[in-house]
Amino acid sequence: MANSILTIDVIAKEALMVLENELVAAKRVHRGLESEFGNGRNGYQTGATVTIKRPTDFTVRSGSNASVQDVVEGSTTITVDQQKGVDFAFTSQELTLNIKDLSERVIKPAMVQLANRIDSDVLALASKVPNWVGTPGQLINSFQDFAPAPQRLDEQAVMSDGRTAILSPADHWGMLGTQTNLYIQGAANDAYRKGDLGRIGGVDTFMSQNVQTLTTGSRAGSILIDLSITAATIDYAAVKDSMIQTIHMDGFATATDTVKAGEVFTIAGVYAVNPVTKTRLPWLKQFTVVADAVCTSNETDVQIYPAIIWSGAFKNVDVVGTADLNNQAVTFMGSAGTSYAQNLAFHKNAFALAIVPMVSPPGAVDVARESYKGVSVRMIPFYNGSSDVSTLRLDVLYGLKAIDPRLATRISGTA
């Protein structure tokens, strides 16, 4: 078939198809919020926001007497504030190529880069997840290493459908080595021939080089909770939208020690509870740090997620052996000043990604806007008559949020 001049619409459609195909993590999270942004006829600009309601909880009464409970709903927002793009430059001669040739030479490499950037942003949400199973720094190289992840999701009453795990290349290949020894022909075949982990323990498992790395702070010493924290310190109504609480720690080894956002710790005597039955679980509740902290005179305020709720319908801890957390020991996951891969297992509703159509700017001509399977791109051409070169800018606009981090866990291997 003879070549013809490629139009901006044809190039945009091809770029969109390649981009959607290259996404990994972005296709495994909640993608239903695009419709929440309404029906803006001309698309959206950076800053558009929608509000998402947090699920409410109730307590079960005993007996025939009614016990009316207030409906307390928290909320969170997702803002489309991430604009990313790739720009192309084509001569008129190149624009007479077959779209397949142009896609292989130029469009696909560019869209691979863009897809990786979007996936990296999604996987960076691992820092919002308080649950972390395994021993930081240990390779995942057996089913016994992997199994604590779906077990933790089960213990947290996470729905069994829609679960995904995304592993770093090292952990992925560590797991593959064990799969080839299985006596299950299909699983062993896929692992050995295709390098494919597939579905493990009810979890669709993928590899991504975009798995994030957390580098812990310099924090060291006999770290303790400082200042009183009791059942009356805070209640759900005060933190229902953010679920963030500020606590004070002291006992750091160095006057200017640091704690990094994304670090995970436990508090002595503070146990996790089943989110449905509220019964105590056999492991200490884990909390994640939401902002970097720097010590002054061996102590500092630390912002944590989730807030510590002692009782009621939203109870998330069971405190044993004390009525006040002051002077309770704090234990951080991993060693100080060390980098750890942030492998993830999660239900799709733990995270949300919304990719929305962008505006067609006033004055721009021949603008192409294409959408496919919840992914939208905008392409705008510029032409330089002196050099006979067409420059095409391709943009995507999206927002992402950890809307319910309880539905996820980080995974490391075991020693």
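Conventions and cut-offs
Residues numbered from 1 in each chain as written. Predicted model: local features only at pLDDT ≥ 70, side-chain atom pairs only at ≥ 80, totals over all residues. Heavy atoms only, no water. Buried < 20%, exposed > 50% of the residue type's maximum accessible area, 1.4 Å probe, protein only. Helix = DSSP H or I, 4+ residues; strand = E, 2+ residues; numbered from the N terminus. Arc of directions from axis to C-beta. Pairing = 2+ DSSP bridges. Contact = heavy atoms within 4.5 Å. Polar contact = N/O pair within 3.5 Å; in protein donor to acceptor, adjacent residues only side chain to side chain. Core = buried A, V, L, I, M, F, W, Y, C linked by side-chain atoms within 4.5 Å.

Student: Explain helix 4 (residues 148-155) to me, and be specific about the residues and the numbers.
Tutor: For helix 4, every residue scored as buried is listed here: A149, P150, R152 and L153. Projected down its long axis, helix 4 shows its buried positions confined to an angular sector of 155°, all on one face. At the exit of helix 4 stands A157, carrying a positive phi of roughly 60°.

Student: Could you give me a rundown of the pairing of strand 13 (residues 280-289), with the residues and numbers involved?
Tutor: Buried residues dominate strand 13, accounting for seven of its ten residues. Across five bridges, strand 12 (residues 264-273) lies against strand 13 in antiparallel orientation. What sits directly across from T266, in strand 13, is Q286. Here strand 12 folds back onto strand 13 in antiparallel fashion, the turn holding six residues, of which K278 has a positive phi close to 70°. Note that strand 13 and strand 15 (residues 299-305) share two bridges and pair antiparallel. Bridging from a neighbouring strand, T288 pairs with Y305 of strand 15.

Student: Lay out the environment of D171 with the relevant residues and their values.
Tutor: You can see D171 is positioned in helix 5 (residues 169-179). Residues in contact with D171, not counting those within four places in the same chain, are Q138, L139, I140, A341 and N343. A polar side-chain atom of D171 sits 2.8 Å from the main-chain amide nitrogen of I140.

Student: An account of the nonpolar core is needed here, citing residue identities and associated values.
Tutor: By size, the foremost hydrophobic cluster in this structure holds 60 residues, and its most contacted members are L19, F88, M111, I118, F351, L353 and M379. Counting residues in hydrophobic clusters, the runner-up holds 23 residues, among them I225, V302, I304 and V319.

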